Amino acid sequence: GQRIRAGLYGADVVLKLVNKAASTSQRKTLHSCFSDWAAAIRVAALDCAEEENHEVCRAYDIHFYPTFRYFKAFTKDFTTGENFKGPDRELQTVRRTMIDFLQNHTDGDRPPACPPLDPARPSDVLSLLDSRDGRYVAVLFENNSSYVGREVILDLLPYENIVVKRVLNGDKGFLEKFGVSSIPSCYLIYPNGTRGLINVGKPLRSFFSSYLKSLPDVRKKMLSLPEKPNKEENPEIVVWREFDRSKLYAADLESGLHYILRVELAAHKSLAGAELRTLKDFVTVLAKLLPGRAPVRKLLETLQEWLANLPLDRIPYNAVLDLVNNKMRISGIFLVNHIKWVGCQGSRPEFRGYTCSLWKLFHTLTVEAGTHPEALDGTGLEADPQAVLQTIRRYVHTFFGCKECSEHFEEMAKESMDSVKTADQAILWLWKKHNLVNSRLAGHLSEDPKFPKVPWPTPDLCPACHEEIKGLHSWNEDQVLLFLKRHYGDQRAESLRPPRALPPGPRLSDGSQLGLDGRLQSPSGAEGRREVEAAVPFLGMGFSSLDMSLCVVLYVASSLFLMVMYFFFRVRSKRWKVRHHRPSV
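Please read these numbers as outputs of a predicted model, since none were measured by experiment. (Residues numbered from 1 in each chain as written. Predicted model: local features only at pLDDT ≥ 70, side-chain atom pairs only at ≥ 80, totals over all residues. Heavy atoms only, no water.)

## Considerations on the overall build of the protein chain
Basically, it comes down to this: The secondary structure listing takes helices from DSSP runs of H or I that are at least 4 residues long and strands from runs of E that are at least 2 residues long, numbered from the N terminus. Note on contacts: a residue pair is in contact if any heavy atoms of the two residues lie within 4.5 Å. Note on areas: Shrake-Rupley, 1.4 Å probe, and residue coverage restricted to the protein chains presented here.
For the protein chain, the helix and strand inventory stands at 19 helices and 14 strands. Taking all contacts inside the protein chain whose residues are at least 6 apart in sequence as the whole, residues at least 24 apart take part in 73%. Summed over all atoms, the accessible surface of the protein chain reaches about 31,600 Å², with 55% contributed by carbon and sulfur.

Next comes the structure, spelled out in structure tokens:
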């Protein structure tokens, strides 16, 4: 398997494990923020949504995104690294945790290029006043809880002709000697011996670092570390597909299913206990309620039946994956093995996508549960208006990769999900919470500028949903409910009908869609033909190659059994004859 070897560069490594939902701009910010620290600690990002990284992410037991792992320099044996222990994932917290990680080294395993980060003694600082080695010496005065000094030391690490030290403010007399009246402050000793406090706009890390980097003769050292090409300078080209925002596209739902079954679940090497129960219930809800093409529905029904009849308390994820990939070659089941966003496409690859499709999937399930409650009969989830919502809640809590998002959803569920008493209230509850999430994330880095997060449905999609009372906007929830039932409504009857000739018209290039009229349109082109061919029965008789293989195996086994029994009784008969044979006198 692949290993992360921190010793490659003789520096510590921080690995950020992300998924596609992580913004490219955020990754660039992370790399640019720590680029000057690379000699001591390097930052790398691994996208767990990419198929070639699935095995690595499983090996490192990654369950949530983003996940930070720390690897010490010169590590040779395989290790899953140290988990990030910060209270949040804010950039400032990550920086400080990285510094703590560097300071936890012993002298023997400290990265060679890492400068001393511990505070200097007053006597050491006084000796610097008389030094004449042609370099600048910057002394940062700060308190014990401040990270400014250590951050500036690392920021100036790749620069020559300057040395940065930090001193704590414990000795007031010492501070007065240097004229320091407030902290943090920076005292600068020039190469010619002149010295004094420097005046920056604000006593912040960025201001101190910028000032010191701009000093005459302070320049970057010649790079001694091999630099890998930055692939993000040539971002992935997005092929834009025009689509109708008033329609629900099967391509989005199927791509979301692909991501759930092949990416999110892949974060768990095995499933047992509450995890397995959650998966069983979630797959049951999908199999009973999700409309779509026959091969996809049959796959979900097969997976649901297999999980329901499973006698084991623990199953490996690979067993689920084998069924999803149809390794048994069961007739008539198929799920796309790639992502193709249509209604959920973003203006850049990191925008929208999976989270958009997940919301659409959840809305579809609540609407289908309201319009077809009989679909859940016999599952143990019937007659409970909260059943689908609670199943969604458990899935998000257990499997959704964004930990912060799952925590927010759990807070909303604890706050008001118990108030849901009818299926219609369940539909509206999810709609309200979706709009609440949109409001919270409006203006966030994850927001697609081409698809701003605004209250939905917008007036152009549903004019009757919007009212104005005394000059204030108000929702007409009866109209919202009708709109949701139409938008995510019943495609089940259409998807289960036998194939029929479609009226002539333009062929869609952006995937099949579930329109407001409830019609499920088939995919066109070679891709659609390949998907249909994957579901064709063996010899047109409804037998798959697995069925035929089982017949052959049973035939051979039966023949061997009969042969064994024949020889057994024959040998036994001979022994009986020998034992009871009486020779004549």
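There is more to say, and it comes next.
## Some thoughts on the pairing of strand β3 (residues 67-71)
Definition in use: Relative accessibility thresholds used throughout: buried, under 20% of the residue-type maximum; exposed, over 50%; partly exposed, between the two (1.4 Å probe, protein chains only). For two strands to be treated as a pair, DSSP must find at least two bridges joining them.
Burial runs high along β3: 5 of the 5 residues are buried. A two-sided burial pattern is seen for β3, the buried positions comprising T67, R69 and F71 on one face and F68 and Y70 on the other. Relative to strand β4 (residues 82-83), β3 runs antiparallel, the two sharing 2 bridges. Its bridge partner being in β4, Y70 is matched across the sheet by E82.

## Considering the packing of helix α10 (residues 294-308) against helix α11 (residues 317-324)
Just so we agree on the cut-off: An axis is simply a line fitted to the C-alpha atoms; with a helix, the fit covers only the stretch in contact. Between two such axes, the angle follows the N-to-C directions and lies from 0 to 180 degrees. Each crossing gets its handedness from the near helix: less than a right angle anticlockwise from the far helix is left-handed, clockwise is right-handed.
The contact between α10 and α11 brings their axes to 10 Å, and the two run at 145°. Relative to α11, α10 is oriented so that their crossing is right-handed. Contacts from L299, T302, L303 and W306 of α10 reach α11 at A319, V320, L323 and V324.

## Focus: the packing of aromatic side chains
Basically, it comes down to this: Here a pair means two rings of Phe, Tyr or Trp (six-membered ring of Trp) with centres within 6.5 Å. Their orientation is stacked below 30 degrees between planes, edge-to-face above 60, and tilted elsewhere. Geometrically, a charge over a ring is one whose NZ (Lys) or CZ (Arg) sits within 6 Å of the ring centre while staying within 35 degrees of the ring normal.
Tallied over the entire structure, the rule returns 19 aromatic pairs. The interplanar angle of 35° and the centroid separation of 4.9 Å between the aromatic rings of Y70 and F101 together place this pair among those described as tilted. Note that Y70 is positioned in strand β3 and F101 in helix α3 (residues 91-103), a separation of 31 residues in sequence. Across the pair, exposure class does not vary: Y70 and F101 are buried alike. Linked through ring pairs, F141, F174, F178 and Y187 together constitute an aromatic cluster. The cationic tip of R150 hangs over the ring face of Y147; the distance from NZ or CZ to the ring centre is 4.2 Å. Stacked on the ring of F451, the Lys or Arg R352 has its end atom at 4.1 Å from the ring centre.

## Some words on the pairing of strand β13 (residues 466-469)
Both β13 and strand β14 (residues 472-475) contribute to a ladder of 4 bridges, which runs antiparallel. The residue bridging I469 from the neighbouring strand is L472, located in β14. Between the antiparallel neighbours β13 and β14 lie 2 residues, among them K470 with a positive phi of about 55°.

## Things to note about the pattern of salt bridges
Our working definition: Criterion for a salt bridge: a side-chain nitrogen of Lys or Arg within 4 Å of a carboxyl oxygen of Asp or Glu.
Counted by the stated rule, this structure contains 17 salt bridges. D424 serves as the salt-bridge partner of K485, at 3.0 Å between the closest nitrogen and oxygen. Taken together, the residues span a long stretch of sequence, with K485 in helix α16 (residues 477-487) and D424 in helix α15 (residues 423-441) at a distance of 61 residues. By relative accessible area, which is 26% here, K485 ends up partly exposed. A residue is classified by how much of its surface remains accessible, and D424, at 30% relative accessible area, is partly exposed.

## With respect to the environment of Y354
Looking at the element boundaries, Y354 is found in helix α12 (residues 354-371). Measuring from C-alpha to C-alpha, the distance between Y354 and G256 comes to 5.9 Å, with 98 residues separating the pair along the chain. The contact partners of Y354, leaving out residues within four places of it in the chain, are G256, Y259, I260, E264, W341, Y395 and F400.

## Regarding unusual backbone geometry
Following I183, the chain continues into P184 via a peptide bond in cis, with omega recorded as 0°. Secondary-structure assignment places P184 in the loop between α6 (172-177) and β8 (185-189). Cis geometry is found at the peptide bond from W456 to P457, where omega equals 5°. Within the fold, P457 resides in the loop between α15 and β13. Backbone geometry at N161 places phi at a positive 70°, although glycine is not the residue there. Looking at the element boundaries, N161 is found in the loop between β6 (159-160) and β7 (162-168). Judged by its relative accessible area of 23%, N161 falls in the partly exposed class. Positive phi outside glycine occurs at D217, with the angle close to 70°. If you trace the backbone, D217 turns up in the loop between α7 (205-213) and β10 (219-220).

## Let's talk about a negative patch on the surface
For clarity, the cut-off: Note that patches include only residues with greater than 30% relative accessible area and no salt bridge, and the join distances are 9 Å for like charges and 5 Å for nonpolar side chains (Val, Leu, Ile, Met, Phe, Trp, Tyr). Positive charges come from Lys and Arg, negative ones from Asp and Glu, while His and the chain ends are left out of the count. The location of each charge is read from NZ of Lys, CZ of Arg, CG of Asp or CD of Glu.
A contiguous patch of negative charge, built from E90, E404, E407 and E411, is present on the exposed surface. When you line up the elements, E411 lands in helix α14 (residues 403-416).

## Things to note about the sheet that holds β7
The 4 strands lie next to each other as β7-β5-β8-β9, forming an open sheet whose pairing is mixed. The open sheet has two edge strands with one neighbour each: β7 and β9 (195-197). With direction set aside, neighbouring strand axes in the sheet form an average angle of 20°. Direction of pairing for strand β5 (residues 136-142) relative to β8: antiparallel, over a ladder of 5 bridges. Bridged to V139 within β8 is Y187. Its contacts with the sheet place helix α4 (residues 122-129) against β5, β7, β8 and β9, and it is angled at close to 40° to β8. Helix α5 (residues 148-155) contacts β5 and β7 of the sheet and is inclined by roughly 170° relative to β7.

## As for the state of the cysteines
As a reminder, the rule being used: The disulfide criterion used throughout: a pair of cysteine sulfur atoms within 2.5 Å.
By the definition in use, this model includes 3 disulfides. A sulfur-sulfur distance of 1.9 Å marks the disulfide that ties C462 to C465. Residues C462 and C465 share a disulfide whose torsion about the S-S bond is about 75°; that sign makes it right-handed. The burial state of C462 is the same as that of C465; both residues are buried.

## Focus: the packing of helix α8 (residues 250-264) against α12
The description of two helices packed together rests on the angle between their axes and the distance between the axes. Rules: Note on angle classes: values under 35 degrees are labelled roughly parallel, values over 145 roughly antiparallel, values of 65 to 115 roughly perpendicular, and the remainder oblique. In this count, Pro and Cys sit with the nonpolar residues alongside Ala, Val, Leu, Ile, Met, Phe, Trp and Tyr, while Asp, Glu, Lys and Arg are called charged and the others, Gly among them, polar.
The N-to-C vectors of α8 and α12 enclose an angle of 105°; their axes lie 9 Å apart at closest approach. Between α8 and α12, the angle falls in the class roughly perpendicular. On α12, the residues that touch D252, L253, G256, Y259, I260 and E264 of α8 are Y354, S357, L358, K360, L361 and T364. Across the contact of α8 with α12, the residue classes tally to 6 nonpolar, 3 polar and 3 charged.

## Some words on α8
The following threshold applies: To estimate how far a helix should reach, multiply one less than its number of residues by 1.5 Å.
With 15 residues, α8 extends 20 Å between its outermost C-alpha atoms, agreeing within 8% with the 21 Å of an ideal straight helix rising 1.5 Å per residue. Along α8, 15 of the 15 residues are buried, which leaves the element largely enclosed by surrounding structure.

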